[in-house]
Amino acid sequence: MTAHRASLINAITLLFCSGWGYWATDFKSLTALIPAVFGVALLLCYKGVREHNKLIAHVAAVLTVVLLIALYMPLTSALEMPAFGPVLRALLMVLTTAFALLYFIKSFRNARRAR
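Residues numbered from 1 in each chain as written. Predicted model: local features only at pLDDT ≥ 70, side-chain atom pairs only at ≥ 80, totals over all residues. Heavy atoms only, no water.

The next point concerns the overall build of the chain. For the chain, the count of helices and strands is five helices and zero strands. Starting at the N terminus, the α and β elements of the chain follow one another as α-α-α-α-α. A compact globule built from 115 residues would reach a C-alpha radius of gyration of about 13 Å, and the chain, at 15 Å, matches this within 12%. Principal-axis analysis of the C-alpha atoms places the extent of the chain at approximately 50 × 20 × 20 Å. (Helix = DSSP H or I, 4+ residues; strand = E, 2+ residues; numbered from the N terminus. Rg over C-alpha atoms; globule rule 2.2 N^0.38 Å.)

As structure tokens, this is what we get:
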């Protein structure tokens with residue numbers, strides 16, 4: 001697995017789960033689409049990460065860190081709900097974001113060792 005593939009999986013998961021969360025409820029809140037905005041931003045960074053552009057890879061990594069921190073509140077809120085859907089969506093987003101972050105870190109380490 002590479003950083004760009006992990007980031008792509010994360011972006012697609014964010015888009016899917018965000019859309020699912022928005023359309024699954026009767027109360028349509030635009031805040032449910034915030035992870036989708038991050039997903040689009042990560043998709044825009046995909047080509048640069050794949051081509052080992054250092055600046056874009058670092059931007060994507062920072063977006064991933066910010067997103068992981070930001071997903072804390074939705075996860076804690078979902079854990080308090082009796083329904084399983086919100087918990088599943090929040091966990092999927094947190095896990096794929098953490099997964100992508102680990103691969104970014106691994107990629108940065110490998111690049112530093114290669115120098």
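What follows covers helix α5 (residues 85-114). Since the α-helix packs 3.6 residues into each turn, any two residues three or four apart lie on the same face. Here α5 spans 43 Å end to end across 30 residues, near enough to the 44 Å set by a 1.5 Å rise per residue. Here α5 has its buried residues at Pro86, Val87, Arg89, Ala90, Met93, Val94, Thr96, Thr97, Ala100, Leu101 and Phe104. (Expected span 1.5 Å × (residues − 1). Buried < 20%, exposed > 50% of the residue type's maximum accessible area, 1.4 Å probe, protein only.)

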